Amino acid sequence: MTAASPALPPSPLPDERKALLARTVEGLDAASLWWLSGYAAGLAQGQGHAPPSLAVLPGGAAASQSAQRLSIVYGSQTGNARRAAEQLAADAEAAGLTVRLLRADAYPTRELASERLLYVVISTQGEGDPPDDAIGLVEFLQGRRAPKLPELKYAVLGLGDSSYADFCGIGKRIDARLADLGAQRLLPLGAADLDIDSVAAPWRTQALAQARELLKSAAAPSATVTPLRSAAAAAWNHERPFAAEVLANQRISGRDFKGPRYAAHGVADKDVRHLELSLAGSGLHYEPGDALGIRHRNPPALVEAVLTATRLDGHADVTVDADTLPLHEWLAAHRELTRASRPFLASVARRSAAPALEQLLDPTQTAGLAALLADHQVIDVLRRWPADWDHSALLDALRPLAPRLYSIASSRKRVGDEVHLTVDVLDYQAHGHAHGGAGSGFLAALAEGDSAPVYIEPNERFRVPADASRDILMIGPGTGVAPFRGFVQERAESGASGRNWLFFGARHFNQDFLYQAEWQQALRSGELQRLDLAFSRDVQPLRDGNVPDKVYVQQRLREHGRDVYDWLQNGAHLYVCGAIGMGKDVHATLQQIVVEHDARSAEDAAAYLTSLQREGRYARDVY
């Protein structure tokens, strides 16, 4: 949020404390600054001091303020829910309301019983899971310790992706659970798809009107909101990306060498790229763990395939919301062509009058719908169920093109005004046709000197420990290793004394050992203390004459379970990055390790891992 800072009275702090404060707040995100303000206000109130004319965060600690404020809590995996919550808070503040904005893992659950007005903005991760920063809050709400809430009024805005069958699943469950606890729902659940504002904007307007009505008779707050530093929006963001020059686009996956006898290489089954982009002159800054957003274009061949399947003229001008562009440009730069969604399938079903598709859209057919969405791109649906389309109807049926996020694979301390990416280029055959990834294909096609529209998406929960003496365990199969390249660089350049242990997995040692030379050099130089590898498709030793097992990172974790547990017990931070399914398997393996090496029950082991997440010592970046 932005706010003009009023003139403050002379600071009571000595110069050395002012300097320390400046260092403390440097680089903190908006949510952290809000929390810090409330924490300081609570300390002052605990000492029995009334607030002077200095500004403090409303709602810092006093339960008596609950009836006079709006609390907004968000859970966000990729930043969309955070932005939506910040916009809601900014609107409420501009309307003169007392508001506090908290990330879900910073929300003091002990205060829930005294809340009177609560808005929750939360994204759904995968098939109905909460974002990592909301796991603790969701478990609290679903557990026995959740209080009855007869005096609470609430509303929930859920963000999701309708290409998943359990669309906005976690938002639905929180909305229902708060009602079960006796709270009064002010608005129906807002269920926003990737075109977030089409739902979020009208929901926000209604939510703000309800808050103004409920709080208009509340006593004026004794303090006003004054951010500790300017929160001016970055010059470049997801709506206005920076054109970053491509410095390098290098393939880092290999081909299996068959040996001198064959004098040939095998066929490469993966194409993984290392890209280096220049941020010089942009003013953009990032930390290892952040993501780079890419505003890509759809492949020309895919656009032509959609036009062929719909029998539409790509050169025809089409007007949408006062913008007029040729149809092919709408499809290339403004519409999602690879990810199908339930609303799109519903439009196809209506226009094609296909009973089989209508049946899949029945609310009871979640498994069949999930299978279809996982297997079919937009073009597959258009080919399978032909229909009569007009230009406007097609654009209305398709979702707006969403940017793609890629974990940053570098540290600015080492690479300066550059940002590096590790990109798995999606390319496969299905339904008799070639298929590819829109974002990865766009990046793979860039040559040195080209530019890519980019912005930084912060991920404040996925950071190296502030205490540089802490050990870290990093689990990153495939391109999930990308942020850990940045972690190791960051820790080396900052002189961190904590140890670094990396678990990496892929299909083949010869083809898929990403950044192999760098990891080997890091071991030699002492930047990396331990490296454990798992290559699932390489020949494994036979066990009792049976078919050899495929080895994944989970197996390596189990083999070193005693050490893994000891590191965690001694304060290490744990990080997991990669596919959602892998993340769930690794979590189950970690739970087994805790059971085995601490003689805990499965329930206690699960609670132990949850406590690590709440403490910020167990972070995941899964997709």
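Our structure's up above, just so we're on the same page.
All values reported here derive from a predicted model rather than from experimental measurement.

Conventions and cut-offs
Residues numbered from 1 in each chain as written. Predicted model: local features only at pLDDT ≥ 70, side-chain atom pairs only at ≥ 80, totals over all residues. Heavy atoms only, no water. Helix = DSSP H or I, 4+ residues; strand = E, 2+ residues; numbered from the N terminus. Buried < 20%, exposed > 50% of the residue type's maximum accessible area, 1.4 Å probe, protein only. Contact = heavy atoms within 4.5 Å. Axes fitted to C-alpha atoms, helices over the stretch in contact; angles between N-to-C directions. Parallel < 35°, antiparallel > 145°, perpendicular 65-115°, else oblique. Nonpolar A, V, L, I, M, F, W, Y, C, P; charged D, E, K, R; others polar. Polar contact = N/O pair within 3.5 Å; in protein donor to acceptor, adjacent residues only side chain to side chain. Expected span 1.5 Å × (residues − 1). Core = buried A, V, L, I, M, F, W, Y, C linked by side-chain atoms within 4.5 Å.

### Focus on the overall build of the protein chain
Secondary structure assignment for the protein chain yields 22 helices and 21 strands. Counting every position in the protein chain, which comprises 623 residues, the buried fraction comes to 49%. Considering only intrachain contacts with a sequence separation of at least 6, the fraction spanning at least 24 residues in the protein chain is 77%.

### Side note on the packing of helix H20 (residues 561-569) against helix H21 (residues 580-598)
Put simply, H20 and H21 touch, their axes get as near as 9 Å, and they point 90° apart. On the basis of the axis angle, H20 is roughly perpendicular to H21. Where H20 abuts H21, its residues Gly561, Arg562, Val564 and Tyr565 lie against Leu590, Ile593, Val594, His597 and Asp598. Tallied by class, residues from the contact of H20 with H21 come to five nonpolar, two polar and two charged.

### Structural notes on the environment of Glu615
Topologically, Glu615 is positioned in the loop between helix H22 (602-614) and strand S21 (618-622). Remark: the alpha-carbon pair of Glu615 and Asp105, spanning 510 residues in sequence, is separated by 9.0 Å. A distance of 3.4 Å separates a polar atom in the side chain of Glu615 from a polar atom in the side chain of Arg617.

### Concerning H21
The terminal C-alpha atoms of H21 lie 27 Å apart, and with 19 residues this matches the ideal 27 Å at 1.5 Å per residue to within 8%. Turning to H21, its buried residues number three or more, namely Ile580, Met582, Gly583, Val586, Thr589, Leu590, Ile593, Val594 and His597. Next to the buried residues of H21 lie strand S17 (472-475), helix H19 (553-559), H20, strand S20 (573-578), H22 and S21. Of the residues one or two after H21, Ala599 is the one with positive phi, at around 50°.

### Re the nonpolar core
One finds Leu331, Phe344, Leu345, Leu357 and Trp389 to be the most contacted residues of the largest nonpolar core, which totals 37 residues. Elements with a minimum of two residues in this core: helix H7 (300-310), strand S10 (317-320), helix H8 (327-333), helix H9 (342-352), helix H11 (366-375), helix H12 (378-384) and helix H13 (391-397). No other element matches the six residues that H7 contributes to this core. When residues no more than four places from it in sequence are discounted, the contact partners of Leu331 are Asn298, Val303, Val306, Leu307, Leu337, Leu394, Leu395 and Leu398. Counting 28 residues, the second largest nonpolar core, distinct from the first, contains Leu97, Leu117, Ala155 and Leu186.

### Concerning the environment of Leu531
Assignment of secondary structure puts Leu531 in strand S19 (residues 530-535). Expressed as a C-alpha distance, the spacing of Leu531 and Phe504, which sit 27 residues apart in the sequence, is 7.6 Å. Aside from chain neighbours lying at most four places away, what touches Leu531 is Trp501, Leu502, Phe513, Trp519 and Leu523.

### Some details on the side chain of Ser352
Here Ser352 lies in helix H9. The class for Ser352 is buried, based on a relative accessible area of 19%. In this structure the side chain of Ser352 is engaged in a polar contact, spanning 2.7 Å, whose partner is the backbone oxygen of Val348. Setting aside its immediate chain neighbours within four residues, Ser352 contacts Trp385, Pro386 and Ala387.

These figures capture arrangement, not role.
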